[in-house]
Amino acid sequence: MPEPSEAVVITTLEKRRLTALLVVFTLALALPYLWAAAIAPVGFQYLGLLFSPDDQNAHLMWARQAAEGRFFFADLFTTEHLSTGEKPVFTNAFCWLIGVISALTHLPLVVVYHALRVTFAILGLWWFYRLCARLTPDSRVRFMATALAGFSAGGGWLRDVLPFLAHRTWMDRPDNDGFPMMPEGFAFPSLLIFPLNTVSLALLALIFDCVLRAGDGDKRAIKIGALAALLLANIHTYDALPLGAALLIWAIYQRARKHPHWLSPLFIALGTLPPIVYQIYVFQSSAEFKIKALTLTPPPPLFDVLLSYGPLLLLAVWGAVLMRSRENARLLMLWPIVILALIYAPLSFGRKMIEGFHLPLCFFAAVAIVAAVERVPTGLPRKIAATALCGMLCVSAAQFLNWCLERAPNTITHNVQFLLPPLYLADGDVAALQFLNARQIKETAPKVVLCMNLLGNYVPRETGYHVFVGHWAETLNFFDEKTKTGKIAEVQSFYSGRMPNATALTWLKQNKIDYVIEGFYETQLFPAVTLRRFGWTPIFKSEATAQNPNDTAIYAVP
């Protein structure tokens, strides 16, 4: 019969060390945002995000609707459902929680958003530490594994060291040519940037800990694990498929080994089924959701995926070999193998299932590091060796953080060429959003705002209004590369004046647009044309500044 998992014995000294690690980790997660706010250029305001604001503003858009008392969320980045009458059926428990807490505490959504990010990051590391404690009695291994889970990333720094690999896709680098970074593949970027990924990683660590506890006959662990699996499948459904597959295979393996509690992984995996079934219903009943779900997100080539984890993966393989005889460690060996197989399955959202791959690598890499430094003389040489190995695995995370902070103010101008939302908005644009927010509270019918998507990405979260264009994926028919047509092309034609005035007025009415903003980016991109050509009187006008002499104006479409 397989041996039980290690009894979790965490000494007082361990708890002190772990507490110190979590304090440092908390500072690493919070201070970059305070720094980004402190370096805001004069005339601009920081909106609380550090990377990829387009996707995060989608999460905040859902949270905004929850704060307004809704449980099912509409896509405010697109307007098709206003004509078809399609009712919202999508929901997300984590974004709902953000909105409810914001409504109860009257704290800004983005503040609650980051407070929960840090909270679940700390919980995630604690649950991961307990998981490691069930796999090894060596406190050095579990402490180092937790530190790696908190601070390490991939091997993207090797691109600077090995130029002949510069053409490869490095998943942990945001400066790839033609391929987006994959923060979900690594713990540190996810914990630093994405609360949705953070809570998912925390739940994954808890679930696998519960699987091992349930294998020892702990019935309460089955209930906790199933509940965590249910929440995970709702919050980040992409994670449910690798999780369910891994637990199914583990149950079959334990059945073959005649384990008395071989059914417990299946009971936990059953928790993922209700949200998955509901997501299938949403997919079938919502045309908008179906189109977005079919947006292709393929992973890079297998060699590039493995290369992106660099030395961490090599150490993890060595650590797995050292742990091969331990029964429960095989569960963590199975987990990344299943993930790696599924991301290349014929599914549109392939690469999004990679989340969690990094955690077992951290554990096995820690096993290898401890084994390696034991060959070094005790004392200072051994500490230097351990620090050097761990530091090597954290270089890419430091590079990513530095890249975010260096680039933050430049997003005001740099992101324009890629039509991506910046991290800072002009004072006038912020004032315009505040004006619309105050107006929205008094209105009952849905309204549509027109502006460039650089500002439009912030409209739903800040005002609760629909926006005609705001997100490259959430806005349906945003742009067709083959035909060079789409909503963003129409918006550019409107603001540039290429669309005749009579045609423009008809176009506004056909698309049910109620408010038109002429702000910082509209005047920067189209300086020769203004909306004054329609003879409208603005319902809002900000004060011009030295940084933005063209004040922001809002017009109500007559």
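Residues numbered from 1 in each chain as written. Predicted model: local features only at pLDDT ≥ 70, side-chain atom pairs only at ≥ 80, totals over all residues. Heavy atoms only, no water.

Trainee: So what exactly am I meant to see when it comes to the packing of helix α23 (residues 487–496) against helix α24 (residues 501–510) here?
Mentor: Packed helices, taken two at a time, are described by the angle their axes make and the gap between the axes. Viewed as axis vectors pointing N to C, α23 and α24 meet at an angle of 140°, and their least axial separation amounts to 10 Å. The orientation of α23 relative to α24 falls into the category oblique. Of the two possible hands of crossing, α23 and α24 adopt the one that is left-handed. Counting all contacts with α23, which are made through Glu 490, Val 491 and Phe 494, the residues of α24 involved are Ala 504, Trp 507 and Leu 508. For the contact of α23 with α24, the residue count by class is 5 nonpolar, no polar and 1 charged. (Axes fitted to C-alpha atoms, helices over the stretch in contact; angles between N-to-C directions. Helix = DSSP H or I, 4+ residues; strand = E, 2+ residues; numbered from the N terminus. Parallel < 35°, antiparallel > 145°, perpendicular 65-115°, else oblique. Left-handed = near helix turned anticlockwise from the far one by under 90°. Contact = heavy atoms within 4.5 Å. Nonpolar A, V, L, I, M, F, W, Y, C, P; charged D, E, K, R; others polar.)

Trainee: I would appreciate a short explanation of the packing of aromatic side chains in the present structure.
Mentor: Geometrically, a pair of aromatic rings is defined through the distance of the ring centres and the angle of the planes. Per the stated rule, a full pass over the model turns up 28 aromatic pairs. Taking 4.8 Å as the distance between ring centres and 55° as the angle between the ring planes, the aromatic pair formed by Trp 62 and Phe 90 counts as tilted. Taken together, the positions of Trp 62 in helix α2 (residues 53–67) and Phe 90 in the loop between α3 (80–84) and α4 (93–105) put the pair 28 residues apart, joining distant regions of the chain. Given a relative accessible area of 12%, Trp 62 falls into the buried group. With centroids separated by 5.3 Å and ring planes inclined at 85°, the aromatic side chains of Phe 468 and Trp 507 adopt a geometry described as edge-to-face. Within this pair, whereas Phe 468 is found in the loop between β4 (466–467) and α23, its partner Trp 507 is found in helix α24, the two being separated by 39 residues in sequence. Both residues of the pair, Phe 468 and Trp 507, belong to the buried class. (Phe/Tyr/Trp six-rings, centres within 6.5 Å; stacked < 30°, edge-to-face > 60°. Buried < 20%, exposed > 50% of the residue type's maximum accessible area, 1.4 Å probe, protein only.)

Trainee: For this particular structure, what's the right way to read the sheet that holds strand β6 (residues 540–541)?
Mentor: Across a sheet, paired strands are connected by hydrogen bonds in the backbone, their directions being either parallel or antiparallel. Pairing within the open sheet is mixed, and its 5 strands lie in the order β4-β3-β5-β7-β6. Sheet topology places β4 and β6 at the edges, where each strand pairs with a single neighbour. (Pairing = 2+ DSSP bridges.)

Trainee: Even after reading the chapter, I still don't get empty space enclosed by the protein, so can you show me in this structure?
Mentor: Leftover empty space is mapped by rolling, across the atoms, a probe with the size of a water molecule. Enumeration over the complete set of coordinates arrives at 4 cavities of 30 Å³ or more. Of the volumes computed, that of the largest cavity is approximately 70 Å³. Forming the walls of the largest cavity are Phe 120, Gly 124, Leu 125, Phe 128, Ala 149, Ala 187, Leu 191, Thr 198, Leu 201, Ala 202, Ala 205 and Leu 359. Among the secondary structure elements, those contributing two or more residues to the lining of the largest cavity are α5 (109–135), α8 (187–193) and α9 (195–215). Here the residues of the lining of the largest cavity sort into 10 nonpolar, 2 polar and no charged. (1 Å grid on protein atoms, 1.4 Å probe; cavity = no way out; pocket = protein on both sides within 12 Å on 5 of 7 lines; lining within 4 Å. Points joined across faces, edges and corners; volume = space filled by probe spheres on them.)

Trainee: What am I meant to see in the pattern of salt bridges here?
Mentor: Once the charged atoms of two side chains with opposite charge are near each other, the side chains can pair. What the rule picks out here adds up to 21 salt bridges. Arg 168 is paired through a salt bridge with Asp 304; the nearest N and O atoms lie 2.7 Å apart. Residue Arg 168 is found in the loop between α7 (158–161) and α8, and its partner Asp 304 is found in helix α15 (residues 302–322); the two are separated by 136 residues along the sequence. On the basis of relative accessibility, which here comes to 23%, the residue Arg 168 falls in the partly exposed class. (Salt bridge = Lys/Arg side-chain N within 4 Å of Asp/Glu carboxyl O.)

Trainee: It is not clear to me how the environment of Gln 524 should be interpreted in this structure. Could you clarify?
Mentor: Counting through the fold element by element, Gln 524 comes out in helix α25 (residues 520–525). With a relative accessible area of 45%, Gln 524 lands in the partly exposed category. Along the backbone, Gln 524 and Asn 550 are 26 residues apart, and their C-alpha atoms lie at a distance of 8.8 Å.

Trainee: Got a minute to help me understand the side chain of Gln 279 in this structure?
Mentor: Within the fold, Gln 279 resides in helix α13 (residues 273–285). What makes Gln 279 buried here is its relative accessible area of 13%. Within the structure, Gln 279 has its side chain in polar contact with the side chain of Thr 237 (distance 3.0 Å). Contacts of Gln 279, omitting those with residues within four sequence positions, involve Phe 90, Thr 237 and Phe 289. (Polar contact = N/O pair within 3.5 Å; in protein donor to acceptor, adjacent residues only side chain to side chain.)

Trainee: Please clarify how the pairing of strand β7 (residues 553–556) should be interpreted in this entry.
Mentor: A regular strand places its side chains on the two faces of the sheet in alternate fashion. Alignment of strand β5 (residues 515–518) against β7, held across 4 bridges, turns out to be antiparallel. Paired with Val 516 across the bridge in β7 is Tyr 555. Sheet topology places β6 next to β7; 2 bridges connect them, and they run antiparallel. Paired with Lys 541 across the bridge in β7 is Ala 553.

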